Amino acid sequence: MGSKSNRSRRYTEEFKRDAVALVRSSGKTVTEVAREIGVSAEGLRNWVRQDTIDRGQGASGELTSAGREELRRLRRQNREQAETIEVLRKGAVFFAKESDR
């Protein structure tokens, strides 16, 4: 077996920014830069695409990084509120049955 891990690596925002800047300034392809810095070409391509969107140069309707983070936060909040509502609903049913006794 190889020594590669199945776990994805996390890179700092600074590293990603520097990698994107290298792609933009070097005149090299994304694949060449990815090979040089030891990241996957697809991952680097995604960072470059997201940077383009964040600069306001993406296609209409694409989410910026801030928009993606806000969407994640709102989905988490929605999930937590749905769980709270379910607990309250079950509590109301329980106490309604208790009061009928």
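Bear in mind that the values here come from a model prediction, so they are computed numbers and not experimental data. Every chain is numbered independently, its residues counted from 1 as its sequence is written. Confidence filtering applies because this is a predicted model: local features only for residues at pLDDT of at least 70, side-chain atom pairs given and counted only at 80 or more, and all residues used for totals across whole chains, interfaces and linings. Neither water nor hydrogens contribute to the side-chain values; these are computed over all heavy atoms in the structure.

Undergrad: An account of helix α1 (residues 13-26) is needed here, citing residue identities and associated values.
TA: Across its 14 residues, α1 extends 20 Å between first and last C-alpha, which sits within 8% of the 20 Å expected from 1.5 Å per residue. In this scheme, a residue with accessible area under 20% of its type's maximum is buried, one over 50% is exposed, and one in between is partly exposed, where area comes from a 1.4 Å probe on protein chains only. Put simply, DSSP H or I for four residues or longer makes a helix, DSSP E for two residues or longer makes a strand, and each gets a number counted from the N terminus. Turning to α1, its buried residues number three or more, namely Ala-19, Val-20 and Val-23. On an axial view of α1, the arc spanned by its buried residues comes to 95 degrees, and they lie on one face. The exposed residues of α1 that point more than 90 degrees off its buried face are Glu-14, Arg-17 and Ser-25. Gly-27, located one to two residues past α1, shows a positive phi value of around 80 degrees. By this rule the span expected of a helix is its residue count minus one, scaled by 1.5 Å. This arc corresponds to the set of directions leading from the helix axis out to the C-beta atoms.

Undergrad: Hey, could you go over the nonpolar core for me, with residue numbers and the actual values?
TA: Only buried residues count toward a nonpolar core, which is a set of Ala, Val, Leu, Ile, Met, Phe, Trp, Tyr and Cys residues joined through side-chain atoms within 4.5 Å. Formed by Ala-19, Val-20, Val-23, Val-30, Val-33, Ala-34, Val-39, Leu-44, Trp-47 and Val-48, the largest nonpolar core amounts to 10 residues. Any two residues having at least one pair of non-hydrogen atoms within 4.5 Å are treated as being in contact. Discounting chain neighbours no more than four positions away, the residues touching Val-48 are Val-20, Val-23 and Arg-24.

Undergrad: Can you explain the packing of α1 against helix α2 (residues 30-37)? Please cite residues and give values.
TA: At a minimum axis distance of 10 Å, the contact between α1 and α2 shows a crossing angle of 135 degrees. Overall, the two elements α1 and α2 adopt an arrangement that is oblique. When you trace α1 past α2, the crossing you get is right-handed. Contacts between α1 and α2 involve Phe-15, Ala-19, Leu-22, Val-23 and Ser-26 on the former and, on the latter, Val-30, Val-33 and Ile-37. All amino acids are sorted into three groups, where Ala, Val, Leu, Ile, Met, Phe, Trp, Tyr, Cys and Pro are nonpolar, Asp, Glu, Lys and Arg are charged, and the leftover types, Gly among them, are polar. In terms of residue class, the contact of α1 with α2 is made up of seven nonpolar, one polar and no charged. Under this scheme, a helix contributes an axis fitted over its contacting stretch, all axes are lines through C-alpha atoms, and angles between N-to-C directions fall in the 0 to 180 degree range. Orientation categories follow fixed angle ranges, with anything under 35 degrees roughly parallel, anything over 145 roughly antiparallel, 65 to 115 roughly perpendicular, and all other angles oblique. Left-handed describes a crossing whose near helix is turned anticlockwise from the far helix by less than a right angle; the clockwise case is right-handed.

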